[in-house]
Amino acid sequence: MESFSSIVAARVHSSSSTLILFSLLLFCISSTVPVQADVKTHYHDFVVQATPVTRLCNTQNSITVNGQFPGPTLEVNNGDTLVVKVTNKARYNVTIHWHGVRQIRTGWADGPEFITQCPIRPGGTYTYRFTIQGQEGTLWWHAHSSWLRATVYGAIIIHPRDGTSYPFPKPNRETPILLGEWWNANPIDVVRRATFTGAAPNVSDAYTINGQPGDLYNCSRKDTVIVPISSGETHLLRVINAALNQELFFGVASHPFTVVGADASYVKPFTTTFLMLGPGQTTDVLIQGNKSPGQYYIAASPYQSAQNAPFDNTTTTAILRYTGSTSSAPLQLPSLPFLNDTNSVASFTSKFRSPRKVEVPTTIDENLFFTVGLGLNNCTKQLGPGRCQGPNGTRFTASMNNVSFTLPSNFSILQAHTQSIKGVFTSDFPAAPPLTFDYTGNVSRGLWQPAAGTKVYRLKFGSRVQVVLQGTSIFAAENHPIHLHGYDFYVLATGSGNFNPRTDTAKFNLVDPPLRNTVGVPVNGWAVIRFVADNPGAWIMHCHLDVHITWGLAMVFVVDNGVGTLQSIEEAPEDLPLC
């Protein structure tokens, strides 16, 4: 049965007037009804520190949380509150982002560096406080400073409220599967070197499953992750792509998936033999223990949509092992799509639907068109030698609507917004690209160089927003996983080529589109999303390929407060780090 909260949450998207009525209703309910006894507060301590980690025959000091790689898994119920004290004992600045958590009115806990907070300096602490509201399934947490995310990440598992259940038969077992990337180097040094030279950073040396590369890499066989299963049981795999820069195919040999959730929202179940996840995305799948007892490879390999771009062309493995099987049982790899099989990716993506009819905003207040893609900056003599090692003596960059996003340094954008501090950002991010061109065709070199800026787009509370995300073929077209902080959004459609409002609107799914927090903008294509700006604060929208956000593929929505306390962001916490 659909819960009261999920029904109201769906209906609240219908209009801004409904939002105001809902806030009044919620205030009346909260003032007369006692807090549910089953709602809990979970306290955690995260210590960010350097820890010796051995992979691929090498030992290096990696930044971890509590000495664990990956970091701790947080398990909560829908409605619970998390209080996480983060102590930074590393030598780098750090923040923690709770990826996909809506952070209703608690934007100070969202975590992106210089967007909602200044970083936690070495030796400093900060306590994140937030409540999970109306979300169930799998999310994750990760560092949101430089490239610390390479090793600082972990799963967030959100169970249904006590007394409720999954909308599918309860599995016998659950296992989080975190896909990652590993460098035989300090990832911070990798990105700093690339930033200095203007060239693309070195690609990773391995992919990982739950922190381990697996059988196919040197010095890795004995630590390969084993996932147990018993004959006749149903197993829920919570798959997270925590890789820094690579979209990944994922499969289990001889075991098809029933997809039941994505990004902490349930989906209409469908079957598939593989998954494709962009960095940031999560997918919940059921597998059945109905094969001959033995062991079967779990594997992830790259989906590489950008032509001629270097990438890590390796495969990470774990082992699905039936109870009673021996480690000597033969293994076979799952059949995954070829590394550039964009058609299979499009077919897989098209299968996602919400479980039932949803209230999609139909009247649009803000109709936005954002180009997303790469670019090249021409070099100047002032940069000096060795600074222009991009193609033909240039430097790589990236942008949205020809604006390459630059982080502030003295205040966070949220601080500047709430305290009316001038000079931190400007509110002139364009609603459309400055020039109309053939976005996926042969783009004039005059359009390859964006302008740098710290620009935001302001939204009134309750406004209904549509964003067309249009990929470009500037330098290299590829699939961009675009993540919006503070919101889930409906993905109405994706397509190839240039978005045509006269013909492509007929493709919109206004009945049961999926609810996501990260959408893949197809290579040389587009995606259309809609949401209601019902969460005040400063919310970054960026490509979750970290090399692209490093180059500036990001922008920020500043959502104004509405009417009254329940439509306004909370006061800044006293321990908010200072810049």
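The shown structure was predicted, so the numbers you read here are calculated from the model rather than taken from an experiment.

### Comments concerning the overall build of the protein chain
Within the protein chain, the regular secondary structure consists of six helices and 32 strands. Taking 579 residues into account, the globule formula puts the C-alpha radius of gyration at 25 Å, and the protein chain, at 23 Å, falls close to it. Within the protein chain, the fraction of its 579 residues that count as buried is 59%. Of all intrachain contacts in the protein chain linking residues separated by at least 6 positions in sequence, the fraction that spans at least 24 positions is 79%. With an accessible surface of roughly 22,900 Å², the protein chain has 52% of that area assigned to carbon and sulfur atoms. The positive charge centre, built from 39 side chains, and the negative charge centre, built from 37, are 3 Å apart in the protein chain.

### Remarks on the sheet that holds strand β6 (residues 125–131)
Ordered by their spatial adjacency, four strands build an open sheet running β2-β1-β4-β6, and the pairing between neighbours is mixed. The sheet terminates laterally at β2 (58–65) and β6, the two strands that pair on one side only. Taking the axes of each pair of neighbouring strands and ignoring which way they run, one obtains an average angle of 25° across the sheet. One ladder, built from eight bridges, connects strand β1 (residues 41–55) with β2; its direction is antiparallel. Paired with T51 across the strands is S62, a residue of β2.

### Regarding the packing of aromatic side chains
Taken as a whole and assessed by the stated rule, the structure comprises 31 aromatic pairs. Between F69 and Y153, the aromatic rings sit 6.0 Å apart at their centres with planes inclined by 80°, giving edge-to-face as the arrangement. With F69 in the loop between β2 and β3 (74–77) and Y153 in strand β8 (residues 153–159), this pair connects stretches of sequence that are 84 residues apart. Grouping residues by exposure puts F69 and Y153 together as buried. Counting every residue linked through ring pairs, the aromatic cluster contains F370, F429, Y457, Y487, F531, W539 and F557.

### A few points about the environment of P385
Looking at where P385 falls in the secondary structure, it is placed in the loop between β20 (366–377) and β21 (395–400). For the pair P385 and T197, spaced 188 residues apart in sequence, the C-alpha separation works out to 9.0 Å.

### Observations concerning helix α3 (residues 187–197)
For the α-helix, the turn length of 3.6 residues means that residues three or four positions removed from each other point alike. All of the buried residues in α3 are P187, I188, V190, V191, A194 and T197. With a side-chain oxygen lying 3.0 Å from the backbone nitrogen of I188, the N-terminal cap of α3 falls on N186. Where α3 ends, the next residue or the one after it, G198, has phi of about 85°, a positive value.

### Side note on the state of the cysteines
Counted under the stated rule, the structure contains three disulfides. Across the disulfide, C57 is cross-linked to C219 (sulfur-sulfur distance 1.9 Å). Around the S-S axis, the bridge from C57 to C219 shows a dihedral of about 90° and counts as right-handed. Taken as a pair, C57 in the loop between β1 and β2 and C219 in the loop between β10 (206–209) and β11 (226–229) lie far apart in primary sequence, 162 residues in all. Residue C379 pairs covalently with C388 via a disulfide, S to S 1.8 Å. Since a negative S-S torsion denotes a left-handed disulfide, the C379-C388 link at about -120° is left-handed. For C388, a relative accessible area of 21% puts it in the partly exposed group. The connectivity of the disulfides in the protein chain is 1-3, 2-6, 4-5, where the numbers refer to bonded cysteines in sequence order.

### What to know about the sheet that holds strand β13 (residues 247–252)
What links the strands of a sheet is backbone hydrogen bonding, and the strands pair in either a parallel or an antiparallel sense. Read across the sheet, five strands follow the order β11-β19-β18-β13-β16 without closing on themselves; strand pairing throughout is mixed. This sheet does not close on itself; its edge strands, each paired only once, are β11 and β16 (275–277). Put simply, the sheet's adjacent strands are angled 25° from each other on average, direction ignored. Pairing of β13 with β16, which is carried by three bridges, proceeds in the antiparallel orientation.

### Details of the pattern of salt bridges
In the structure shown here, the tally under the stated rule is 15 salt bridges. Taking the shortest distance from any N to any O, the salt bridge between D215 and R221 comes out at 3.6 Å. Measuring nitrogen to oxygen at the nearest pair gives 3.8 Å for the salt bridge that ties R238 to D284. Taken together, the residues span a long stretch of sequence, with R238 in strand β12 (residues 234–241) and D284 in strand β17 (residues 282–288) at a distance of 46 residues. When salt bridges that share partners are traced, they join E174, R238 and D284 into one network.

### A short note on the domain arrangement of the protein chain
Splitting the protein chain by domain gives domain 1 (35–164), domain 2 (168–348) and domain 3 (366–567). Domain 2 puts 27 residues into the contact, and the matching count from domain 3 is 29 residues. Taking both sides of the interface into account, the surface hidden between domain 2 and domain 3 amounts to around 2,100 Å²; carbon and sulfur atoms contribute 49%. Seen at the junction of domain 2 and domain 3, the total is two salt bridges. Residue D512 pairs with K268 through a salt bridge whose shortest N-O separation is 2.9 Å. Here domain 2 is connected to domain 3 by 15 residue pairs in polar contact (both at pLDDT 80 or more). With five residues, α3 is the largest single contributor of residues to the side of domain 2 that touches domain 3.

### A word on the UniProt feature "domain: Plastocyanin-like" (unreviewed entry) in the protein chain
The UniProt record marks residues 48–162, 174–325 and 429–561 with the feature "domain: Plastocyanin-like" (unreviewed entry), using the residue numbering of this structure. Across residues 48–162, the secondary structure splits into 0% helix and 46% strand, with the terminal C-alpha atoms separated by 32 Å. This span, residues 429–561, is 5% helix and 41% strand, and a straight line between its end C-alpha atoms measures 19 Å.

### Considerations on the environment of R221
Assignment of secondary structure puts R221 in the loop between β10 and β11. Overall, R221 belongs to the exposed group, its relative accessible area being 57%. C-alpha of R221 to C-alpha of L56: the two residues are 165 residues apart in sequence and 10.0 Å apart in space. Not counting the four nearest positions on each side in its chain, R221 is found in contact with G214 and D215.

### Side note on the side chain of T116
With respect to the helices, strands and loops of the structure, T116 is situated in the loop between β5 (96–99) and β6. Relative accessible area serves as the criterion here: at 0%, T116 is assigned to the buried category. Among the polar contacts listed, one links the side chain of T116 to the backbone nitrogen of G111, at a separation of 3.1 Å. Discounting chain neighbours no more than four positions away, the residues touching T116 are G107, W108, D110, G111, S412, L414, A538 and L576.

Definitions and limits used
- Residues numbered from 1 in each chain as written.
- Predicted model: local features only at pLDDT ≥ 70, side-chain atom pairs only at ≥ 80, totals over all residues.
- Heavy atoms only, no water.
- Helix = DSSP H or I, 4+ residues; strand = E, 2+ residues; numbered from the N terminus.
- Rg over C-alpha atoms; globule rule 2.2 N^0.38 Å.
- Buried < 20%, exposed > 50% of the residue type's maximum accessible area, 1.4 Å probe, protein only.
- Contact = heavy atoms within 4.5 Å.
- Areas by Shrake-Rupley, 256 points an atom, 1.4 Å probe, with all protein chains shown as cover.
- Lys, Arg positive; Asp, Glu negative; His and termini not counted.
- Charge placed at Lys NZ, Arg CZ, Asp CG, Glu CD.
- Pairing = 2+ DSSP bridges.
- Axes fitted to C-alpha atoms, helices over the stretch in contact; angles between N-to-C directions.
- Phe/Tyr/Trp six-rings, centres within 6.5 Å; stacked < 30°, edge-to-face > 60°.
- Polar contact = N/O pair within 3.5 Å; in protein donor to acceptor, adjacent residues only side chain to side chain.
- Disulfide = S-S within 2.5 Å.
- Salt bridge = Lys/Arg side-chain N within 4 Å of Asp/Glu carboxyl O.
- Domains from an automatic or database assignment.
- Buried area = accessible area lost by both parts, 1.4 Å probe.
- UniProt positions renumbered as here; feature names shortened; annotations may be inferred.

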